[in-house]
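Overview (structure and organization)
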Amino acid sequence: MDRSSNEALAKAPPRALKDLPGPQPWPLLGNLPQLDLPRMHEKLEGWAEQYGPLYRLTLGGKPIVVLADGPLIAGILRDRPDGWRRIGVIASVINEMGGDGVFTAEGYDWRRQRRLVMSAFDPGHLARFFPSLVRVTERFDRRLAEAAKSGEAIDLQAQLMRYTVDVTAGLAFGSDVNTLEGGSDVLQEHLDKIFPMIYRRINLPFPYWRHLRLPIDRAFDRHLAEVHKAVHRFIDEARQRMTIEPERAAKPPNLLEALLAARDADGSALSEAQIAGNVLTVLLGGEDTTANTLCWALFLLHRDRAAWDRLVAEVDATVADDQRVLHDFDRSRGLDYLEACLHEAMRLRPVAPLIFVESLRDTTLAGMPLKKGTIVFCVMRKSATDAATLGSDAAEFRPARWLDGGSDGTRALNRAAMPFGAGPRLCPGRYLALVEMKMVLSLIARNYTLFDVGTASGEPPAERLAFAMFPVGLRMKLAPRPGR
Ligand code: HEM
């Protein structure tokens, strides 16, 4: 577990947490005022440049270890759920919003829920769901066609979030919410307030909202209430289907019905709160992450004409002439260059650039003893862009690197870049996310010319962290592709 990719660290391991280098903390507040929360990941990456891949901060009067070394991070992530857990404040903030599910569960509860979630998102399930994915993608095409005709600049993140919400609700809950063709009061408009509030609350030094509701909390409560209404609607609809067709319980066609049907060896079911919590967890887990990754991929591809042209040629050779949307699941798995573009976008713009964990027992890190309860901030992008291991062009967008080096090269890249995490808690939605992203990029490549993907000022979009990392103010202008 203690093997590092960093030579200096391997040669001279730190002896104690107190000896680690790091920025000077302020009296009482520690390093919090220096962190600039919306850009915290960039700040931590910058300090890793200055102090090395293992350094120390002080927050809330406690020492925090910051780790930017790929192999050491992977060692920690693999040693879950027994050795490490997500930091407790994440679970308490998410659970009190009603999101008590697989993301925040630990130990036995986590193992039980994880099995159900994993089987709902396996490739076999995705293949059966594929026709619905095609239908949602056709709706997205209609939305893009309108914008292409009128020359309107689309708010890329908001539109892609509608797409991802529609896909997730269809696949995981068997409900067709159609936010893509809805007005302004749709589920997505309420859901997208949740990640920013989670991020705000986990970083506040004092949980004031448990004692006093400020206007921002009251507005949030209204959004959350709308999301809960939708969650309970999904559950009621699923129960009705299972009452009409009781045989669904034996082979549940989606995650929600599997959660409702699940029984332990002793016959006990998941609690109502765990069922609702997992519906919310999966809605949240599938929305911002996939939409934001697509935003970044489109931005990077628009700046690289040769990469875009190669992607378009691959899509033209894959999608049948008379189709606007890919209709064949097996072919969607074959778009190798397109998939390389997605991996490259996630390597350079990981939407989960930080993972926060806490040790569950006394342990060591790079030979340094750590007490049970020590918090570690894992900084994910440093190793993914490290010139010493990936070559001098490590910071550049070059999708072909995922194909050029054969399987050894891909393995090395996968070890360095971990956009879906690692170990037993690796993202269970990764296959779904990849298929969704392939559907969207192939739709655009096949039928549209990318006219502009950028901000109103023409400057590259800033990165902002709000639990997931997103590009600020990214808009897309399209034109119909000649002949389509
Ligand atoms: C590009 C898209 C996505 C990215 C980059 C992403 C990334 C991640 C990351 C980094 C984690 C934490 C892994 C860890 O702790 O080691 C995670 C966990 C999770 N993700 Fe995703 N995710 C994506 C899409 C999805 C989708 C589409 C879903 C479901 C519809 C989903 C559901 C979840 C769940 C339920 C967890 C918690 C797993 C657990 O704790 O056992 N994600 N994801």
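Details of the structure are given in the entry above.
Residues numbered from 1 in each chain as written. Predicted model: local features only at pLDDT ≥ 70, side-chain atom pairs only at ≥ 80, totals over all residues. Heavy atoms only, no water.

1. With respect to the overall build of the protein
Stated precisely, the cut-off is as follows: Per the convention used, a helix needs a DSSP run of H or I reaching at least four residues, while a strand needs a run of E reaching at least two, with both numbered from the N terminus. It is over C-alpha atoms that the radius of gyration is taken, and the globule rule equals 2.2 Å times the number of residues to the power 0.38. Residue burial is assigned from relative accessible area. The probe radius is 1.4 Å, only protein chains are included, and a residue is buried under 20% of its type maximum, exposed over 50%, and partly exposed in between. Under the convention used here, a 1.4 Å probe and the Shrake-Rupley method define accessible areas, while residue burial counts only the protein chains that appear.
For the protein, the helix and strand inventory stands at 20 helices and 12 strands. Taking 23 Å as the expected radius of gyration for a compact globule of 484 residues, we find that the protein reaches 23 Å, a close match to that expectation. Its C-alpha atoms put the protein at 65 × 55 × 45 Å along the principal axes. The buried share of the protein, reckoned over its 484 residues, is 54%. Accessible surface, the protein as shown: approximately 20,700 Å² in total, 54% of it carbon and sulfur.

2. Describing the packing of helix α7 (residues 156-173) against helix α20 (residues 430-447)
Just so we agree on the cut-off: Convention adopted: a line fitted to C-alpha atoms gives each axis, helices being fitted over their contacting stretch, and angles between N-to-C directions are expressed from 0 to 180 degrees. With respect to orientation, any angle under 35 degrees is reported as roughly parallel, any angle over 145 as roughly antiparallel, any angle of 65 to 115 as roughly perpendicular, and every other angle as oblique. Left-handed describes a crossing whose near helix is turned anticlockwise from the far helix through less than a right angle; right-handed describes the clockwise counterpart. Here, residues are in contact when the closest pair of their heavy atoms is within 4.5 Å. Gly is placed with the polar residues, together with every amino acid not listed as nonpolar (Ala, Val, Leu, Ile, Met, Phe, Trp, Tyr, Cys and Pro) or charged (Asp, Glu, Lys and Arg).
Where α7 contacts α20, the axes come no closer than 12 Å and their chain directions differ by 130 degrees. Judged by the inter-axis angle, α7 sits oblique to α20. In terms of crossing hand, the pair formed by α7 and α20 is right-handed. Here α7 contributes L160, Y163, T164, V167 and L171 to the contact with α20, which in turn contributes L432, E436, M439 and V440. For the contact of α7 with α20, the class distribution of residues is 7 nonpolar, 1 polar and 1 charged.

3. Remarks on the site of the ligand
Test applied: We call a residue near a molecule or strand when any one of its heavy atoms sits within 4 Å of it. By the criterion applied in these results, polar contacts are pairs of N or O atoms within 3.5 Å in which, for protein atoms, one can donate a hydrogen and the other can accept it, and in which residues neighboring in sequence qualify only through two side-chain atoms.
Taken together, 27 residues form the shell around the ligand, and within it R80, R86, W110, R114 and C427 come nearest. For the ligand, an oxygen atom lies 2.9 Å from a polar atom in the side chain of R425. Of all the elements in the fold, those that place two or more residues in the shell around the ligand are α5 (107-120), α12 (272-302) and α20. For the shell around the ligand, the leading source of residues is α12, giving 6 residues. For the shell around the ligand, the per-class residue count stands at 15 nonpolar, 8 polar and 4 charged.

4. Description of the packing of helix α10 (residues 215-244) against α12
Relative orientation of the contacting elements α10 and α12 amounts to 115 degrees, with a least axis distance of 10 Å. By the angle class used here, α10 and α12 are roughly perpendicular. Between α10 and α12 lies a crossing of right-handed hand. Taken together, the residues of α12 that come into contact with α10 (itself represented by V227, H228, V231, H232, F234, I235 and R239) are E272, I275, A276, V279, L280 and L283. Looking at the contact of α10 with α12 residue by residue, the class counts come to 9 nonpolar, 2 polar and 2 charged.

5. A look at the pairing of strand β2 (residues 62-67)
Moving residue by residue along a regular strand, the side chains alternate between the two faces of the sheet. Note the threshold: The pairing criterion is simple: DSSP has to find at least two bridges between the two strands.
As defined by bridge partners, strand β1 (residues 54-59) adjoins β2 across 6 bridges and the pair is classed as antiparallel. Bridging across to β2, T58 finds its partner in P63. Hairpin connection between β1 and β2: a loop of 2 residues separates the two successive antiparallel strands, and G60 in this loop has a positive phi of roughly 55 degrees. Inspection of the sheet shows β2 paired to strand β8 (residues 375-379) by 4 bridges, in the parallel sense. The partner of I64 across the bridge, within β8, is I375.

6. Let's talk about a nonpolar patch on the surface
Quick note on the threshold: Like-charged residues are merged into a patch within 9 Å and nonpolar side chains (Val, Leu, Ile, Met, Phe, Trp, Tyr) within 5 Å, provided each residue has over 30% relative accessible area and no salt bridge. For this analysis, a salt bridge means a side-chain nitrogen from Lys or Arg found within 4 Å of a carboxyl oxygen belonging to Asp or Glu.
The grouping of W26, L28 and L29 at the surface amounts to a nonpolar patch, some 400 Å² of accessible area in total. Take L28: it is sitting in the loop between α1 (7-11) and α2 (40-51).

7. Overview of the packing of aromatic side chains
Keep this limit in mind: Only Phe, Tyr and Trp rings are paired, with Trp represented by its six-membered ring, and only when their centres lie within 6.5 Å; those with planes under 30 degrees apart are stacked, over 60 edge-to-face, the remainder tilted. Each ring is checked for a lysine NZ or an arginine CZ that lies within 6 Å of its centre and within 35 degrees of its normal; such an atom marks a charge sitting over the ring.
Using the criterion set out here, one finds 10 aromatic pairs in the structure. Geometrically, the ring pair formed by W296 and F299 is edge-to-face, given 6.2 Å between the ring centres and 75 degrees between the ring planes. One end of the pair, W296, and the other, F299, are both in helix α12, 3 residues apart, so they sit about a helical turn from each other. Of the two residues, W296 and F299, both sit in the buried class. By the ring-pair criterion, three or more aromatic residues cluster together here, those being W47, Y51 and Y55. Over the aromatic face of F103 sits the side chain of R86, whose NZ or CZ is 3.9 Å from the ring centroid. Directly above the aromatic system of Y431 lies the positively charged group of R430, at a separation of 5.0 Å from the ring centroid.

8. Details of the side chain of N31
For N31, the position within the fold is in the loop between α1 and α2. Here N31 falls in the buried class, since its relative accessible area comes to 0%. Contacts of N31, omitting those with residues within four sequence positions, involve P23, Q24, P25, L57, T58 and L59.

Everything listed is a geometric property; what it means functionally is a separate question.
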